[in-house]
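Chain residues, written in single-letter form:
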Amino acid sequence: MILFDFQYERARSLAEAATLLASLGPDARVMAGGTDLLPNMRTEIARPAALVGLGGITAAEPQVDAEDNIRIDALTRLAAIADSPLIRKRQPMLAEAARAVASNQIRQMGTLGGNLCQDTRCLYLNQQHDFQFVAPCYKRAGSCCYPFPQNKPDVCWSVYMSDIAPALIALEAEISIVGESGMRRLPLEQLYSGNGLKPFTLGKNEVIEAVIVPATPARSGYGYHKSSRRGGLEFATSVIAVALRLDDALMRCTQARIVIGAVREQPIRAEAAEKALVGHEVGAAAYDAAAAAVHEIKPLPHHGFTKSFIVDNLRVYLRRVLAHAVERARASGMVA
Ligand SMILES: Cc1cc2nc3c(=O)[nH]c(=O)nc-3n(C[C@H](O)[C@H](O)[C@H](O)COP(=O)(O)OP(=O)(O)OC[C@H]3O[C@@H](n4cnc5c(N)ncnc54)[C@H](O)[C@@H]3O)c2cc1C
Ligand code: SF4
């Protein structure tokens, strides 16, 4: 399949990438590993007039900053995150989430920034329209929405599928963003708009420069689970990421962040499930109450899975993930 023509410029730094984006106009995009963008260009979901390549910029090694946060360059390859001794020791959930992405080949090319900014997906959107009997939908400036025909032109229920974003949101990560006028920081949670047509709140000429993950306090534990059809090279059916903290006696939950991914236009905090846990003694009753609360998420049926299947999937796995997180928090509390 031959790609359409586009201009290509190579950036020597992320600041230069932001400047190039501004000079190349509204139809320019950055390309990091290209593992999401190039397939989208092949199916013409994306038709940038110009690409700013980031492949010539060397990613800094993950490091601990003066406030004890881990700072990870947005250009870090996913394989490097999964294998990093620092990340595996200090933030094992992030290493686990990076390893859950696709295949080794894709993890060797795909970057952290590209993973967080990957486009939303939909069975109807992700098709080549030349040979499929599918007219362009709203997300491609068309006049229909096949799976949800009642949707208005400004509503798209394509699903955001990153395996890593839910883990980072559970860990309270922030992103550092570089634009023409300088740098800004943003809680990662606020990168997502909840609108499938324009899923990110980044400005047109802004680029993610780094992800900053705060240190995990004592008596904390995590749980992560990605469900997928084949367990291997496959986008998720659902992702569950939990970060929680126990009290001094290791009996009560004092803090919990439960984030569900791959079921809506953005990663979603399961706030009712968090409330069912925080302040309560941990154990089967608390896990059941939290798991029962996941109906609040209102998952979108997607990629062949019905809404009721996804709700059942979340109920079963959230319970298990919570039990793992509590075991880990207890183990860390006993070591300390
Ligand atoms: C077969 C296949 C299976 C996959 N399976 C999974 C999976 O299981 N889980 C999963 O999470 N993903 C999956 N992906 C998606 C993708 O490969 C990864 O998310 C990858 O991390 C994307 O990173 P990249 O560097 O290749 O991004 P690119 O393709 O280079 O870019 C993706 C988007 O992000 C933007 N972008 C890139 N870097 C930045 C930055 N620093 N700041 C701002 N915007 C930026 C680009 O402009 C583009 O819009 C899969 C892809 C394929 C082809
Ligand atoms: S949900 Fe969005 S991407 Fe899917 S067909 Fe409808 S408008 Fe297109």
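Because the structure is a prediction, the values reported are computed rather than measured.

**Regarding the overall build of the protein chain**
Then comes step 1: When its secondary structure is counted, the protein chain shows eleven helices and twelve strands.
Then comes step 2: Here the C-alpha radius of gyration of the protein chain, 20 Å, is about what a compact globule of 336 residues would show, namely 20 Å.
Then comes step 3: Expressed as a percentage of its 336 residues, the buried residues of the protein chain come to 52%.
Then comes step 4: Within the protein chain, residue pairs in contact and separated by at least 24 positions form 64% of the contacts whose partners lie at least 6 positions apart.
Then comes step 5: Only carbon and sulfur atoms are counted for the fraction: they give 53% of the accessible area of the protein chain, which is about 15500 Å².

**Notes on the site of ligand 2**
Then comes step 1: Taken together, Cys122, Tyr124, Leu125, Cys137, Tyr138, Lys139, Cys145, Tyr146, Pro147, Cys156, Trp157 and Ser158 make up the full set of residues adjacent to ligand 2.
Then comes step 2: Residues belonging to the shell around ligand 2 are distributed by class as follows: ten nonpolar, one polar and one charged.

**Side note on the site of ligand 1**
Then comes step 1: Surveying the vicinity of ligand 1 reveals 31 residues, the closest of which are Val30, Ala32, Thr35, Leu37 and Thr111.
Then comes step 2: In the model, an oxygen atom of ligand 1 is placed 2.8 Å from a nitrogen or oxygen of the Gly34 main chain.
Then comes step 3: Between ligand 1 and the protein, one listed contact pairs a nitrogen atom with a side-chain N or O atom of Asp163 at 2.8 Å.
Then comes step 4: Within the complex, the protein chains bury 91% of what would otherwise be the 990 Å² of accessible surface of ligand 1.
Then comes step 5: For the shell around ligand 1, the residue count by class is 16 nonpolar, ten polar and five charged.

**Observations concerning the sheet that holds strand S2 (residues 28-31)**
Then comes step 1: Across the sheet, which stays open at both edges, the three strands sit in the order S1-S3-S2 with parallel pairing between neighbours. In this open sheet, the two strands that pair with only one neighbour each are strand S1 (7-10) and S2. Looking at each pair of strands side by side, their axes are set apart by 25° on average, direction ignored.
Then comes step 2: Pairing of S1 with strand S3 (residues 50-53) involves four bridges; the strand directions are parallel. Its bridge partner being in S3, Gln7 is matched across the sheet by Ala50.

**With respect to helix H1 (residues 14-24)**
Then comes step 1: Those residues of H1 that fall on the buried side of the exposure criterion are Leu14, Ala17, Ala18, Leu20 and Leu21. Angular distribution of buried residues about the axis of H1 spans 165°; they occupy a single face of the element.
Then comes step 2: The inward-facing, buried residues of H1 abut S1, S2, S3, strand S6 (174-179) and strand S8 (207-213).
Then comes step 3: Looking one or two residues beyond H1, the residue adopting positive phi is Gly25, at roughly 95°.

**Some thoughts on the side chain of Asp163**
Then comes step 1: Looking at where Asp163 falls in the secondary structure, it is placed in the loop between helix H7 (112-116) and helix H8 (165-170).
Then comes step 2: What makes Asp163 buried here is its relative accessible area of 5%.
Then comes step 3: Polar contacts involving the side chain of Asp163 include one to the side chain of Lys226, which spans 2.8 Å.
Then comes step 4: In contact with Asp163, not counting residues within four places along its chain, are Ala97, Ala100, Val101, Asn115, Tyr224, Lys226, Ala236 and Val239.

**Let's talk about the environment of Pro187**
Then comes step 1: Position of Pro187 among the secondary structure elements: in strand S7 (residues 182-187).
Then comes step 2: Residue classification places Pro187 among the partly exposed residues on the basis of a relative accessible area of 30%.
Then comes step 3: In this structure, the C-alpha to C-alpha distance between Pro187 and Ile212, residues 25 residues apart in sequence, is 9.3 Å.
Then comes step 4: Those residues in contact with Pro187, other than ones at most four positions away along the chain, are Ala173 and Glu174.

**Structural notes on the packing of aromatic side chains**
Then comes step 1: Counting across every chain of the model gives seven aromatic pairs.
Then comes step 2: Aromatic pair Phe148 and Trp157: ring centres 5.0 Å apart, planes at 80°, arrangement edge-to-face.
Then comes step 3: In this structure Trp157 comes out as partly exposed when scored by relative accessible area, which is 32%.
Then comes step 4: A network of ring pairs unites the aromatic residues Tyr160, Tyr192 and Phe200 as a single cluster.
Then comes step 5: Residue placement shows Arg47 over the ring face of Phe4; its charged tip is 4.3 Å from the ring centre.
Then comes step 6: Here Arg121 stacks its cationic end above the ring of Phe235, 3.9 Å away from the centre of that ring.

**Topic: the pairing of S3**
Then comes step 1: Where burial is concerned, the two faces of S3 agree: the one with Ala50 and Val52 and the one with Leu51 and Gly53 are both buried.
Then comes step 2: Pairing of S2 with S3 involves four bridges; the strand directions are parallel. Looking across to S3, one finds that Met31 is bridged to Gly53.
Then comes step 3: On the question of chirality, the crossover connecting S2 to the parallel S3 by way of helix H2 (residues 37-42) is right-handed.

**A short note on the pattern of salt bridges**
Then comes step 1: One pass over the full model with this rule turns up 17 salt bridges.
Then comes step 2: Notably, a salt bridge pairs Glu209 with Arg71, separated by 2.9 Å at the nearest N-O pair. Of this pair, Glu209 sits in strand S8 while Arg71 sits in strand S5 (residues 70-73); the two residues are 138 residues apart in sequence, bridging distant segments of the chain.
Then comes step 3: When its relative accessible area of 21% is taken as the criterion, Glu209 is described as partly exposed.
Then comes step 4: Here Arg71 falls in the partly exposed class, since its relative accessible area comes to 29%.
Then comes step 5: In this structure, Lys226 engages Asp163 in a salt bridge whose closest nitrogen and oxygen atoms are separated by 2.8 Å.

About the thresholds
- Residues numbered from 1 in each chain as written.
- Chains lettered and ligands numbered in written order.
- Predicted model: local features only at pLDDT ≥ 70, side-chain atom pairs only at ≥ 80, totals over all residues.
- Heavy atoms only, no water.
- Helix = DSSP H or I, 4+ residues; strand = E, 2+ residues; numbered from the N terminus.
- Rg over C-alpha atoms; globule rule 2.2 N^0.38 Å.
- Buried < 20%, exposed > 50% of the residue type's maximum accessible area, 1.4 Å probe, protein only.
- Contact = heavy atoms within 4.5 Å.
- Areas by Shrake-Rupley, 256 points an atom, 1.4 Å probe, with all protein chains shown as cover.
- Near = heavy atom within 4 Å.
- Nonpolar A, V, L, I, M, F, W, Y, C, P; charged D, E, K, R; others polar.
- Polar contact = N/O pair within 3.5 Å; in protein donor to acceptor, adjacent residues only side chain to side chain.
- Pairing = 2+ DSSP bridges.
- Axes fitted to C-alpha atoms, helices over the stretch in contact; angles between N-to-C directions.
- Arc of directions from axis to C-beta.
- Phe/Tyr/Trp six-rings, centres within 6.5 Å; stacked < 30°, edge-to-face > 60°.
- Lys NZ or Arg CZ within 6 Å of the ring centre and 35° of its normal.
- Right-handed = clockwise from strand over helix to strand, strands pointing away.
- Salt bridge = Lys/Arg side-chain N within 4 Å of Asp/Glu carboxyl O.

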